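In case you want the letters, here they are:
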Number of protein chains: 2
Amino acid sequence: MKKVVAGIDIGGTFTKLGIVDQEGRVYTETSISTVTHKDIDSYMEQLATAVRKLLKDQQGKLELAGIGIGAPNGNYYRGVIEYAPNLNWKGMIPFVEMFKTHFDIPIVLTNDANAAALGEMMYGGARNMTDFIVITLGTGLGSGIVVNGNVVYGHDGFAGEMGHVTVVENGRQCGCGKKGCLETYVSATGIVRTAFELMALRTDDSQLRSIPFEKLSAKDISDAANRADRIAMKAFDMTGKTLGKTLADVVALFSPEAIFLFGGLSNAGDHIFKPVKAYMEKNLLSIFRDKVKILPSGLTETNAAVLGSAGLIWKEILG
Amino acid sequence: MKKVVAGIDIGGTFTKLGIVDQEGRVYTETSISTVTHKDIDSYMEQLATAVRKLLKDQQGKLELAGIGIGAPNGNYYRGVIEYAPNLNWKGMIPFVEMFKTHFDIPIVLTNDANAAALGEMMYGGARNMTDFIVITLGTGLGSGIVVNGNVVYGHDGFAGEMGHVTVVENGRQCGCGKKGCLETYVSATGIVRTAFELMALRTDDSQLRSIPFEKLSAKDISDAANRADRIAMKAFDMTGKTLGKTLADVVALFSPEAIFLFGGLSNAGDHIFKPVKAYMEKNLLSIFRDKVKILPSGLTETNAAVLGSAGLIWKEILG
């Protein structure tokens, strides 16, 4: 029987899952609701049923060798989802231990950005790299850092929190309780805040002025930038500047071969890639100049999360 | 015969070398001048002679199994000293290749901060740690970062340049060509610059006001702080604040178990340790609070550099 794994990506709203072989072929995929389950037990029941159904649809030709899970605040060492602000289940959820009552096979958990990095390394643009960084630009900013072919988990499993590096002293309020964190400037919500700041500061005409804060999306700003809207273009430039300068510091610490930008905001293409690259280069120590690539993910966004979680468990199984 | 290695620390002025066994016992040590050799060949000749003499003094009871070298801008991957600003030999010096004509045994090179980290891990305060950081506070600021039991060299061997993280936009001119680098604020020379800034800003009496810039040392400022000199105390507070805030960001990326402060400035004890710890804690993401130790080196400074270089080559030999 062909060995496969289940890759599971737990998001605040939906959970995606798929059956993946060692080569990264996704046999079948589905999703279930995360947000409607107030109770972790009922959620896990439905998740286990969904995994079994995916396998059953393949008519017994596949053997499930392990399960990889990416989740917000997922702790690799402990297998616990710890105080995830965007999930209904509060406190410490010993996810791996609990899920083992449904499947007695290797189960590994990490956070979504680390899973994205593993997906990139096993099936995406980092296939021949040992030192690289993946930055996920969604509602927040996540980072998965790979050194010497391994994800950096650190002493307690929580390394890679680049979104909470301070970039402006006493800057924007962050959901984490601190002020001026990178993700309050560089993320889908960060660029919306920047656009509003710019509309207050400047007098340029802009179609963005007709959209209320709650409705404005990063996609709106990207569309406006495509029409050469000056507020939108400036918002991308400022976002790219903040990220580029931070990456210059990050390069000095890690000396990666490449940095991948992934998710929401990275779909704006040159609007974001160009300023990130330019401001990073401008702020780099000379020994790193013109060496570090800024790349889009080599995975398609539709199944990247599932592939990342699958990569996590394959790496564990293959050692 | 007992197997030993030679640990060599190349500094701008002196080169220290010693014979060290696997347990970190230093059998014998000496030093030669670095700065008087304008020519790399004559320097290397003298260094090789010094290593042979150290061994000979032990009357044939020791077998030399390898040589570890710590040097400014030493590149681990290439075995090359690359454009070291404080050495006489300019450009790229293929040190390992050249030294192999003197000794046909394993020879490994890295920079001084990475060597310090390896010394800490093998013989010092990090003996049971897999994730920690060593910060060397000398004329500049160096960092050796250990993740998962291995020094982070990065893609091209130059990771760990924490001294050149930007902490003040358009801040103090750094020797690297950039402005506002951490080491222009946090180092023996950085605190002197801070003391002068404070003497200009404030009106407090201070014995430091009688010392010209070229003469003032970090030790003078530390001595003045011991006498409750307000300029000196404030200089330490500001230095600790800048380092503590930077470390909060570094912790978010690496999640280390401990951070060791080593060299010159760290000898000021509480004057520097207290503010570093306090400002780091204040700026940490909540999941890291009260978890990360700030520690003095577990090695005595007299032979720490030699032990670090010895640790480098022992790690290579032992695998």
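Here is what the cut-offs are and how they apply
Residues numbered from 1 in each chain as written. Chains lettered and ligands numbered in written order. Predicted model: local features only at pLDDT ≥ 70, side-chain atom pairs only at ≥ 80, totals over all residues. Heavy atoms only, no water. Helix = DSSP H or I, 4+ residues; strand = E, 2+ residues; numbered from the N terminus. Buried < 20%, exposed > 50% of the residue type's maximum accessible area, 1.4 Å probe, protein only. Lys, Arg positive; Asp, Glu negative; His and termini not counted. Charge placed at Lys NZ, Arg CZ, Asp CG, Glu CD. Salt bridge = Lys/Arg side-chain N within 4 Å of Asp/Glu carboxyl O. Least-squares fit on C-alpha atoms with pLDDT ≥ 70 in both. Phe/Tyr/Trp six-rings, centres within 6.5 Å; stacked < 30°, edge-to-face > 60°. Lys NZ or Arg CZ within 6 Å of the ring centre and 35° of its normal. Contact = heavy atoms within 4.5 Å. Buried area = accessible area lost by both parts, 1.4 Å probe. Polar contact = N/O pair within 3.5 Å; in protein donor to acceptor, adjacent residues only side chain to side chain. Nonpolar A, V, L, I, M, F, W, Y, C, P; charged D, E, K, R; others polar. Pairing = 2+ DSSP bridges. Axes fitted to C-alpha atoms, helices over the stretch in contact; angles between N-to-C directions. Domains from an automatic or database assignment.

A. Spotlight on the overall build of chain A. Helices and strands together make up the secondary structure of chain A, namely eight helices and 13 strands. Here chain A holds 319 residues, and 59% of them are scored as buried. The distance from the centre of the 33 positive side-chain charges to the centre of the 34 negative ones in chain A is 4 Å.

B. Just the pattern of salt bridges, in detail. Residue and element names in this part refer to chain A. One pass over the structure, following the stated rule, counts 26 salt bridges over all chains. One salt bridge in this structure joins E23 and K2, with 3.5 Å as the shortest N-O distance. Of the two residues, E23 sits in the loop between strand 2 (14–20) and strand 3 (26–33) while K2 sits in strand 1 (residues 2–10), which places them 21 residues apart along the sequence. Looking at K2, the relative accessible area reads 36%, which means it is partly exposed. Taking the shortest distance from any N to any O, the salt bridge between D223 and K219 comes out at 3.2 Å. With D223 and K219 both in helix 5 (residues 218–226) and four residues apart, the pair spans about one turn of that helix. Among the charged side chains, a salt-bridge network with shared partners connects K2, D21, E23 and R25.

C. Structural view of the relation of the copies chain A and chain B. With an RMSD of 0.0 Å, the fit of chain A onto chain B corresponds to turning through 180 degrees and sliding 0.0 Å along the axis. On the angle and the small slide along the axis, the relation comes out as a two-fold axis. Considering only C-alpha atoms, the part of chain A nearest the rotation axis is V147 of chain A, at 4.1 Å.

D. How the structure looks around the packing of aromatic side chains. All names here are of chain A. All told, the structure shown has 19 aromatic pairs over all chains when counted by the stated rule. Three or more aromatic residues joined by ring pairs make a cluster, and in this case those are Y43, W89, F95, F99 and F103. Here R52 stacks its cationic end above the ring of F103, 4.7 Å away from the centre of that ring.

E. Here's a closer look at the interface of chain A and chain B. Facing the 35 residues of chain A at the interface are 35 residues of chain B. In this assembly, chain A packs against chain B so that about 3100 Å² is buried in total across both faces, 58% of it on carbon and sulfur atoms. Per-residue buried area on chain A facing chain B is highest for H155, L253 and L285 of chain A; these three make up 21% of the total on that side. For the pair chain A and chain B, the number of links is four salt bridges. One salt bridge in this structure joins E169 of chain A and K245 of chain B, with 2.8 Å as the shortest N-O distance. Taken together, the connections running from chain A to chain B amount to 18 residue pairs in polar contact (both at pLDDT 80 or more). Of all the secondary-structure elements, those providing two or more residues to the side of chain A that touches chain B are strand 10 (141–147) and helix 6 (230–254) of chain A. If you tally residues by element for the side of chain A that touches chain B, the top one is helix 6 of chain A, at seven residues. Taken together, the residues that form the side of chain A that touches chain B break down as 18 nonpolar, seven polar and 10 charged.

F. Summary view of the sheet that holds strand 12 (residues 258–262) of chain B. Residue and element names in this part refer to chain B. Pairing is mixed in the open sheet, where five strands are placed in the order 11-10-9-12-13. A single partner strand is all that each edge strand has here, and the edge strands are strand 11 (150–151) and strand 13 (293–296). Across two bridges, strand 10 (residues 141–147) lies against strand 11 in antiparallel orientation. Looking at strand 11, one finds that V147 is bridged to N150. Along the sheet, helix 3 (residues 112–123) makes contact with strand 9 (132–137), strand 10, strand 11 and strand 12, crossing strand 10 at roughly 50 degrees.

G. Layout of the domain arrangement of chain A. Residue and element names in this part refer to chain A. Partitioning chain A into domains gives domain 1 (2–121 + 301–318) and domain 2 (128–296). Computed over C-alpha atoms only, the centres of domain 1 and domain 2 are separated by 27 Å. Counting residues at the interface gives 18 residues for domain 1, matched by 23 residues for domain 2. For the pair domain 1 and domain 2, the summed buried area comes to about 1600 Å², and 61% of that belongs to carbon and sulfur atoms. Counting the contacts that link domain 1 with domain 2 gives zero salt bridges. Between domain 1 and domain 2 we count four residue pairs in polar contact (both at pLDDT 80 or more) in total. Of all the elements in the fold, those that place two or more residues in the side of domain 1 that touches domain 2 are helix 3 (112–123) and helix 8 (301–318). Top contributing element to the side of domain 1 that touches domain 2 by residue count: helix 3, with seven residues. Class assignment for the residues of the side of domain 1 that touches domain 2 results in nine nonpolar, four polar and five charged.

H. Focus on the pairing of strand 10 of chain B. All names here are of chain B. Of all seven residues making up strand 10, seven are buried, and the element is well covered by its neighbours. Taking every second residue as pointing to the same face, both faces of strand 10 are buried, with L141, S143, I145 and V147 on one and G142, G144 and V146 on the other. As judged from the six bridges shared by strand 9 and strand 10, these two strands associate in the antiparallel manner. The residue of strand 10 that forms the bridge with I133 is I145. Here strand 9 folds back onto strand 10, and the loop between the two strands holds three residues. Linkage of strand 10 to strand 11, two consecutive antiparallel strands, is achieved through a turn of two residues, within which N148 is found at a positive phi near 60 degrees.

I. Examining the side chain of T28 of chain A more closely. Mapped onto the fold, T28 of chain A is located in strand 3. Owing to a relative accessible area of 15%, T28 of chain A belongs among the buried residues under this scheme.

J. Broad picture of the sheet that holds strand 5 (residues 74–75) of chain B. Residue and element names in this part refer to chain B. Judged by pairing direction, the sheet is antiparallel, and its three strands sit side by side in the order 5-6-7 without closing on themselves. Of all the strands in the sheet, the pair left with one neighbour each is strand 5 and strand 7 (92–93). Two strands pair when backbone bridges link them, and strand 5 and strand 6 (residues 80–82) are joined in this way by two bridges, in the antiparallel orientation. Among the inter-strand pairings, G74 is bridged to a residue of strand 6, identified as I81.

K. Here's a closer look at the side chain of S33 of chain A. Residue and element names in this part refer to chain A. Along the chain, the position of S33 falls in strand 3. In this structure S33 comes out as buried when scored by relative accessible area, which is 19%. Reaching out from S33, the side chain makes a polar contact with the backbone nitrogen of V35 at a distance of 3.5 Å. Among the polar contacts made by the side chain of S33, one reaches the side chain of T36 at a distance of 2.7 Å. Apart from the residues lying within four places of it in its own chain, the contact partners of S33 are T13, F14 and Y43.

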